[in-house]
Amino acid sequence: MQDLYRQVIMDHYKYPRNKGLISDSKGLLIHLNNPSCGDEITIQLFTYNDVIERVVHEGSGCSICCASASVMSVALEKHNIQEGIDIIKQFYELIKGLPYNTDILFKDAVAFSGVSQFPARIKCATLSWKAAEKGLISLQEASHG
Ligand code: ZN
């Protein structure tokens, strides 16, 4: 993996953004695990009027998984639910090595593009994004009946 990308990933691993669940609050909790690597993640989604106010996360896992959760939490913040789902889809494209839309994806997410060359790590990189996707889809279904 390129040095610059590795630095971005290590920065999010060492100094994770939005880490720590907020107890006594109404955020939507989603837990997922990745048995192939032992990664576990719980995310908590806070939305208000269709806007993702904040995403926090807690878990244990490899550096790719933890760093990716940090990037995801920043990438989705302040977008509406549909935009959030679109951003997540762009991240999946990036991880698969397919063309993706750089305009809507938080720039640090690009650091994970090298993961496409390591198929065993794809689940690590996408775990927190899958949790967020699951939560956003359930919120969308709830609001549209
Ligand atoms: Zn992992």
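These numbers come from a predicted model, not from an experiment.

A. Highlighting the environment of Phe46. As for its position among the elements, Phe46 is in strand β2 (residues 39–48). We classify Phe46 as buried; its relative accessible area is 18%. Separated by 21 residues in the primary sequence, Phe46 and Ser25 have C-alpha atoms spaced 9.2 Å apart. The contacts of Phe46, once residues within four sequence positions are left out, are Ile22, Ser25, Lys26, Gly27, Val51, Ile52, Glu53, Arg54 and Val56.

B. The environment of Leu105, seen in detail. Here Leu105 lies in the loop between α3 (81–95) and α4 (122–143). C-alpha separation for the pair Leu105 and Ile88, spaced 17 residues apart in sequence, amounts to 8.4 Å. Those residues in contact with Leu105, other than ones at most four positions away along the chain, are Ile87, Gln90, Phe91, Leu94 and Tyr100.

Reading the values: the criteria
- Residues numbered from 1 in each chain as written.
- Predicted model: local features only at pLDDT ≥ 70, side-chain atom pairs only at ≥ 80, totals over all residues.
- Heavy atoms only, no water.
- Helix = DSSP H or I, 4+ residues; strand = E, 2+ residues; numbered from the N terminus.
- Buried < 20%, exposed > 50% of the residue type's maximum accessible area, 1.4 Å probe, protein only.
- Contact = heavy atoms within 4.5 Å.

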